[in-house]
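Here is how the chains run, residue by residue.
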Amino acid sequence: MLACRAIRVPRFRMTATPIDKMPRHKRIAVIAGDGIGAEVTREAIKVLSAATLGGEHRLDFTEFDWGAERFLRDGTTLPQGAVGMLRRDFDAILFGAVGDPRVPSNKHAADILLGLRAKLDLYVNLRPVELFDDSLTPLRGRGTSDVNFFVIRENTEGLYVGVGGHFARGTPNEVAVQEDVNTRKGVERIIRYAFEFARARRLGRICMCDKSNAIAFGHELWQRVFAEVRPEYTDIESRHLYVDTLAMELVRDPSQFRVIVTCNLFGDILSDLGAQLAGGLGLAPSGNIHPGKISLFEPVHGSAPNIAGKNLANPSGAVLASALMLDHLGMSQAAEALRGAVRAAVRAKQTTTDIGGSLGTREAGDWLAAHVQRSS
Ligand SMILES: NC(=O)c1ccc[n+]([C@@H]2O[C@H](COP(=O)([O-])OP(=O)(O)OC[C@H]3O[C@@H](n4cnc5c(N)ncnc54)[C@H](O)[C@@H]3O)[C@@H](O)[C@H]2O)c1
């Protein structure tokens, strides 16, 4: 059974609007998930509703109760038919977080989130890293003009596909093998996406990161594909760094980077490094994207059981993820309004306590929604 419930969002007043000016509906599937996932998603919807109120687009939200509670109740993780239904009936997915101490195996989380990433072929993991206020970076002497880049992580291959096994498990002779899967198609499409992204946003330069000096087969493929594709983008400065050098350079001088494209594992690590350069997990958004198709947008953080239910979670990551969703839906003005609100909140210290403010989750969401409404 697919369980869902419609969320009430502000509606437009009935007026005599000409047909070509009628608001266009975008259908958003909401999977709020566990712990603070539900709390920050509620605030994100509040801010999204403020951004679209009275505009040419309307968002219709439908919530699905997939998460630990449902799993513990009836064993459901990602219900049968869910992927087809999402593809058919929705334009985007707004995701909170999954993970609950009552499910130590994390089975529901793996089925739901990894399942959606794989089955919807969401091959791009887009992680913007933007410092909104100098005070938030741990780097001495660095400011907002130094930390402003995107990590584009391959999201469907690499070491995360789960190919491998154990031999003689539990014995002193145990062997564990985990395969690093790199396909020509997978590597080429993520490298091309990064170039196209840099071109569309006039970012000027990209850096491809691998470890081909040690991972001689898989990452040599990245080298070859990069060498083949880069001549098609002479308008974009492109370079290569090994991942160890890149990690050092990101800390020494992050201003060198505008777009970093890399494999699943390195992207996972480097984007968390980036999140800390820009103020921490509470502010970090991500998009799991298949260009032109239904895609999933979520804050980077998890369900944070240690602060769940305490009105402490920072909703900014979820709001910035919502901005990425609006970009994907072609609503760039509304997306900018959301980013502008988070920027303003950080500067005015109207934030939750994790980044120096004194507001609760709900109050921070109210402030962002009011700012968006005032500015639109
Ligand atoms: N995409 C996802 O759904 C996702 C991602 C990471 C972890 N998880 C799951 O979440 C659960 C908890 O994992 P974890 O503790 O390692 O990571 P976490 O991101 O949930 O929390 C790490 C730390 O950051 C803090 N934090 C996280 N988000 C915050 C926010 N918005 N505002 C203020 N503080 C915030 C937490 O309080 C905690 O101290 C686990 O079950 C894990 O598997 C899920």
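Residues numbered from 1 in each chain as written. Predicted model: local features only at pLDDT ≥ 70, side-chain atom pairs only at ≥ 80, totals over all residues. Heavy atoms only, no water.

Q: Could you give an account of the site of the ligand, with specific residues and numbers?
A: Lining the immediate environment of the ligand, one finds 21 residues, of which Val98, Gly302, Ala304, Asn306 and Asn314 sit closest. His301 places a side-chain nitrogen or oxygen 3.4 Å from a nitrogen atom of the ligand. In this structure, an oxygen atom belonging to the ligand sits 2.7 Å away from a main-chain N or O atom of Gly302. Protein chains bury 65% of the 800 Å² of accessible surface belonging to the ligand in isolation. In the shell around the ligand, the residues fall into ten nonpolar, eight polar and three charged. (Near = heavy atom within 4 Å. Polar contact = N/O pair within 3.5 Å; in protein donor to acceptor, adjacent residues only side chain to side chain. Areas by Shrake-Rupley, 256 points an atom, 1.4 Å probe, with all protein chains shown as cover. Nonpolar A, V, L, I, M, F, W, Y, C, P; charged D, E, K, R; others polar.)

Q: Lay out the nonpolar core with the relevant residues and their values.
A: Here is a general trend for soluble globular proteins: nonpolar side chains tend to be buried in one another's company. Within the largest apolar cluster, 85 residues are counted, with the highest numbers of intra-cluster contacts made by Ile28, Leu126, Ile152, Ile191, Ile206 and Leu338. Setting aside anything within four residues of it in sequence, one finds Ile191 in contact with Met208, Trp222, Val225, Phe226, Val229 and Val261. If you look at the next biggest cluster of nonpolar residues, it comprises 21 residues, including Ala29, Phe64, Ala109 and Leu116. (Core = buried A, V, L, I, M, F, W, Y, C linked by side-chain atoms within 4.5 Å. Buried < 20%, exposed > 50% of the residue type's maximum accessible area, 1.4 Å probe, protein only. Contact = heavy atoms within 4.5 Å.)

Q: Describe a nonpolar patch on the surface, naming the residues involved and giving the relevant values.
A: Side chains of Phe167, Val175 and Val177 sit close together on the surface and give an oily, nonpolar patch of about 270 Å² of accessible area. Counting through the fold element by element, Phe167 comes out in strand S7 (residues 164-167). (Patch = residues over 30% accessible without salt bridge, like charges linked within 9 Å, V, L, I, M, F, W, Y side chains within 5 Å. Salt bridge = Lys/Arg side-chain N within 4 Å of Asp/Glu carboxyl O. Helix = DSSP H or I, 4+ residues; strand = E, 2+ residues; numbered from the N terminus.)

Q: Quick rundown of helix H10 (residues 332-347)? Include the residues and the values.
A: With 16 residues, H10 extends 22 Å between its outermost C-alpha atoms, agreeing within 8% with the 22 Å of an ideal straight helix rising 1.5 Å per residue. Those residues of H10 lying buried are Ala334, Ala335, Ala337, Leu338, Arg339, Ala341, Val342, Ala345 and Val346. (Expected span 1.5 Å × (residues − 1).)

Q: Describe the packing of helix H7 (residues 243-252) against helix H8 (residues 264-277), with residues and values.
A: Two packed helices can be described by the angle between their axes and the distance between those axes. One can describe the packing of H7 onto H8 by two numbers: an axis separation of 11 Å at closest approach and a directional angle of 10°. Considering the angle they form, H7 stands roughly parallel to H8. Contacts between H7 and H8 pair Val243, Leu246, Ala247, Leu250 and Val251 from the former with Phe266, Leu270, Leu273 and Leu277 from the latter. For the contact of H7 with H8, a count of residues per class yields nine nonpolar, no polar and no charged. (Axes fitted to C-alpha atoms, helices over the stretch in contact; angles between N-to-C directions. Parallel < 35°, antiparallel > 145°, perpendicular 65-115°, else oblique.)

Q: Describe in detail empty space enclosed by the protein, supporting the description with residues and values.
A: One pass over the structure, following the stated rule, counts two cavities of 30 Å³ or more. Taken as a whole, the second largest cavity holds about 40 Å³ of empty space. What lines the second largest cavity is Arg205, Ile206, Cys207, Arg239, Gln256, Phe257, Arg258 and Val259. With three residues, strand S9 (residues 205-210) is the single largest residue contributor to the lining of the second largest cavity. The residue makeup of the lining of the second largest cavity, split by class, is four nonpolar, one polar and three charged. (1 Å grid on protein atoms, 1.4 Å probe; cavity = no way out; pocket = protein on both sides within 12 Å on 5 of 7 lines; lining within 4 Å. Points joined across faces, edges and corners; volume = space filled by probe spheres on them.)

Q: Provide a residue-level description of the confidence of the model for the protein chain, including the pertinent values.
A: Per-residue pLDDT for the protein chain averages 93, and the proportion of residues at 70 or more is 94%. Under a pLDDT of 50 for its full length, residues 6-19 has, in the predicted model, 23 contacts with residues more than four places off or in other chains. (pLDDT = per-residue confidence, 0-100.)

Q: Give a description of the packing of helix H5 (residues 184-200) against helix H6 (residues 218-229) that names residues and reports values.
A: Here H5 crosses H6 at 45°, and the two axes come no closer than 10 Å. Between H5 and H6, the interaxial angle falls into the category oblique. H6 is crossed by H5, and the crossing has right-handed handedness. Residues Arg184, Val187, Glu188, Ile190, Ile191, Arg192 and Phe195 of H5 lie in contact with H6, whose contacting residues are Leu221, Trp222, Val225, Phe226, Glu228 and Val229. Class assignment for the residues of the contact of H5 with H6 results in nine nonpolar, no polar and four charged. (Left-handed = near helix turned anticlockwise from the far one by under 90°.)

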